[in-house]
Amino acid sequence: MAICTVYTTQLNPTCSSISKTHSGFHQKQLVFYKKTTSRRGSISTSSSYVIRCAGVESQTIVIGLAADSGCGKSTFMRRLTSVFGGAAEPPKGGNPDSNTLISDTTTVICLDDYHSLDRTGRKEKGVTALDPRANDFDLMYKQVKALKQGTPVDKPIYNHVTGLLDPPELIKPPKILVIEGLHPMFDPRVRDLLDFSIYLDISNEVKFAWKIQRDMAERGHSLESIKASIEARKPDFDAFIDPQKQYADAVIEVLPTQLIPGDNEGKVLRVRLIMKEGVEYFSPVYLFDEGSTISWIPCGRKLTCSYPGIKFTYGPDTYFGHEVSVLEMDGQFDRLDELIYVESHLSNISTKFYGEVTQQMLKHSDFPGSNNGTGLFQTIVGLKIRDLFEQIIATKAQTPVKAGKA
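This text gives an overview of the structure that appears in the document. These numbers come from a predicted model, not from an experiment.

### Focus: unusual backbone geometry
In terms of backbone geometry, most residues other than glycine have negative phi values and most peptide bonds are trans.
Logical step 1: Cis geometry is found at the peptide bond from Tyr 307 to Pro 308, where omega equals 10°.
Logical step 2: Among the secondary structure elements, Pro 308 is positioned in the loop between β16 (294-296) and β17 (310-319).
Logical step 3: Positive phi outside glycine occurs at Phe 288, with the angle close to 65°.
Logical step 4: Along the polypeptide, Phe 288 turns up in the loop between β15 (286-287) and β16.

Take a look at the structure:
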């Protein structure tokens, strides 16, 4: 239960009814009227004080996850929500094509819902969904801010099946709000609302290899059509999506392996976890000795791995002018139960018990990336977000709410 400390004298409280604003969110506030008595004994109202009605639900932590389409955002969301417990599901009784996922602790909002143009509208104007002109950043900012402050909103829905904008759905403030999509860090107003931000950076070589594997094998697309699709999106991606990584608190970068010379198949990956230094409530993970430069090839008797093996590196670096720590894994695991050997050499991973990283990886062994650094680092970042959430909540619980004069 959240505690609100208010110091008043002769105040008469009145709690107003919930009202809906033009921006699609609901307001509820507590108004204290200070009453004065005249010489004849009559009572008049001289001033009022307003406090927004707030409880645990108002202490919403906002996490931003940015990435291009098809870069693993959905898998990351499943790993993250699993860390907090409870299955993430669409809103019960709502639009079956809703993009929102709700669990006991988290609500995941897809920022595609803030498209201002439907599929036909984008085609008519000659813009892609990556173009800021196809998105309503004013509404995105107002609604994310409202949820962070504990106010429910009527969020729009972009229907990926029909390409149309569906009627809105009611979203209540969760403990943790994750906004994922193409633009969570594009608008500085939205960016300033984030308590933590992540960018999934898939290199062009790996992205191309993944798209070929998926679209040729599963969808029957030709190699030429796949190349054309990637090239058509690239200018907008380079202009509007990729620059957001400079603002991220953590970047998971996926690259071709360096263990196999000339490999471009994208089956063996080199994954880097780039962690910004100096972020409040976040301590970067390190290998063996914090701040040192480390290169480590795990013992083959303790960690089974087929050709080309596994190599870890760690050390300080700079990234877009920021001091960072970088943990890198090149190669893949053969047996996830042996991951405990690697976990035991990592520090600041924010686990609650020995082996929690390994347990989470085994729990979702069928998820993409579970045998390489993408799954490992997504899991670790999920644990770090849980720790960040708990620290922020503990800090807020010690801060009394102040009353403002109306």
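### Regarding the packing of aromatic side chains
For any pair of aromatic rings, the description rests on two quantities: the centre-to-centre distance and the angle between the ring planes.
Logical step 1: Within this structure, the stated rule accounts for eight aromatic pairs.
Logical step 2: Both rings, one in Phe 186 and one in Phe 240, keep their centres 6.3 Å apart while their planes meet at 80°; by these two values the pair is edge-to-face. You can see Phe 186 sitting in the loop between β11 (176-181) and α4 (188-191) and its partner Phe 240 sitting in helix α6 (residues 223-241), a full 54 residues away along the chain.
Logical step 3: Of the residues examined, Phe 186 reaches a relative accessible area of 31% and is grouped as partly exposed.

### So, helix α8 (residues 356-363)
Logical step 1: Every buried residue of α8 is accounted for by Glu 356, Val 357, Thr 358, Gln 360 and Met 361.
Logical step 2: Structurally, α8 contributes buried residues whose contacts are with α1 (73-84), α7 (340-343) and α9 (373-397).

### Topic: α1
Logical step 1: Taking 1.5 Å per residue as the helical rise, α1 with its 12 residues ought to reach 16 Å, and the 17 Å between its terminal C-alpha atoms agrees with that figure.
Logical step 2: For α1, the buried fraction is high: 10 of the 12 residues fall into the buried class.
Logical step 3: Taken together, the buried residues of α1 touch β6 (61-66), β8 (106-110), β11, β12 (196-202), α8 and α9.
Logical step 4: Of the residues trailing α1, Gly 85 is marked for its positive phi of about 85°.

### As for the pairing of strand β9 (residues 153-158)
A regular strand places its side chains on the two faces of the sheet in alternate fashion.
Logical step 1: β9 sits mainly inside the fold: five of its six residues count as buried.
Logical step 2: In terms of strand pairing, β9 meets strand β10 (residues 165-171) through five bridges, oriented antiparallel. Each residue of the ladder has a partner; that of Lys 155, found in β10, is Glu 169.
Logical step 3: Taken together, β9 and the strand that follows it, β10, pair antiparallel across an intervening segment of six residues, in which Gly 163 is found at a positive phi of about 80°.

### Description of the packing of α8 against α9
Logical step 1: At a minimum axis separation of 10 Å, α8 and α9 run at an interaxial angle of 120°. As the angle between them shows, α8 and α9 are arranged oblique. When the axes of α8 and α9 are compared, the crossing they make is right-handed. Of the residues in α9, those in contact with Glu 356, Val 357, Gln 360 and Met 361 of α8 are Gly 375, Leu 376, Thr 379, Ile 380, Leu 383 and Arg 386.
Logical step 2: In terms of residue class, the contact of α8 with α9 is built from five nonpolar, three polar and two charged.

### Section: the nonpolar core
It is characteristic of soluble globular proteins that their nonpolar side chains tend to be buried jointly.
Logical step 1: If you look at the biggest cluster of nonpolar residues, it comprises 56 residues, and the most contacted ones within it are Ile 63, Phe 196, Ile 198, Leu 327, Phe 333, Leu 376 and Phe 377.
Logical step 2: Considering each element in turn, this core owes the most residues, nine residues, to α9.
Logical step 3: Not counting the four nearest positions on each side in its chain, Phe 377 is found in contact with Ile 252, Val 271, Arg 272, Leu 273, Leu 327, Glu 328 and Met 329.

### With respect to the sheet that holds strand β7 (residues 101-102)
Sheet strands line up and pair through hydrogen bonds in the backbone, either parallel or antiparallel.
Logical step 1: Taken together, the 10 strands give an open sheet; going across it, the order is β7-β8-β11-β6-β12-β13-β14-β18-β17-β16, and neighbouring strands pair in mixed fashion. Every interior strand has two partners, whereas the edge strands, β7 and β16, have only one.
Logical step 2: Pairing of β7 with β8 involves two bridges; the strand directions are antiparallel. Residue pairing across strands places Leu 101 opposite Val 108, the latter belonging to β8.
Logical step 3: This element, helix α3 (residues 137-148), spans β6, β8 and β11 of the sheet and lies at about 160° to β11.

### Here's the deal with the pattern of salt bridges
Logical step 1: Under the defined criterion, the tally for this structure stands at 19 salt bridges.
Logical step 2: Among the salt bridges present, the one from Lys 148 reaches Asp 195, with a minimum N-O distance of 2.7 Å. Placement of Lys 148 in helix α3 and of Asp 195 in the loop between α4 and β12 is noted, with a sequence separation of 47 residues between them.
Logical step 3: Assessed through its relative accessible area of 23%, Asp 195 is described here as partly exposed.
Logical step 4: Residue Arg 386 pairs with Glu 356 through a salt bridge whose shortest N-O separation is 2.8 Å.

### Quick look at a negative patch on the surface
Logical step 1: A cluster of acidic side chains, namely Glu 277, Asp 289, Glu 290 and Glu 323, defines a negative patch on the protein surface.
Logical step 2: With respect to the helices, strands and loops of the structure, Glu 277 is situated in the loop between β14 (269-276) and β15.
Logical step 3: When its relative accessible area of 37% is taken as the criterion, Glu 277 is described as partly exposed.

Rules behind the numbers
- Residues numbered from 1 in each chain as written.
- Predicted model: local features only at pLDDT ≥ 70, side-chain atom pairs only at ≥ 80, totals over all residues.
- Heavy atoms only, no water.
- Helix = DSSP H or I, 4+ residues; strand = E, 2+ residues; numbered from the N terminus.
- Phe/Tyr/Trp six-rings, centres within 6.5 Å; stacked < 30°, edge-to-face > 60°.
- Buried < 20%, exposed > 50% of the residue type's maximum accessible area, 1.4 Å probe, protein only.
- Contact = heavy atoms within 4.5 Å.
- Expected span 1.5 Å × (residues − 1).
- Pairing = 2+ DSSP bridges.
- Axes fitted to C-alpha atoms, helices over the stretch in contact; angles between N-to-C directions.
- Parallel < 35°, antiparallel > 145°, perpendicular 65-115°, else oblique.
- Left-handed = near helix turned anticlockwise from the far one by under 90°.
- Nonpolar A, V, L, I, M, F, W, Y, C, P; charged D, E, K, R; others polar.
- Core = buried A, V, L, I, M, F, W, Y, C linked by side-chain atoms within 4.5 Å.
- Salt bridge = Lys/Arg side-chain N within 4 Å of Asp/Glu carboxyl O.
- Patch = residues over 30% accessible without salt bridge, like charges linked within 9 Å, V, L, I, M, F, W, Y side chains within 5 Å.
- Areas by Shrake-Rupley, 256 points an atom, 1.4 Å probe, with all protein chains shown as cover.
- Lys, Arg positive; Asp, Glu negative; His and termini not counted.
- Charge placed at Lys NZ, Arg CZ, Asp CG, Glu CD.

So, to be careful, I would describe these as geometric facts and stop short of saying anything about function.
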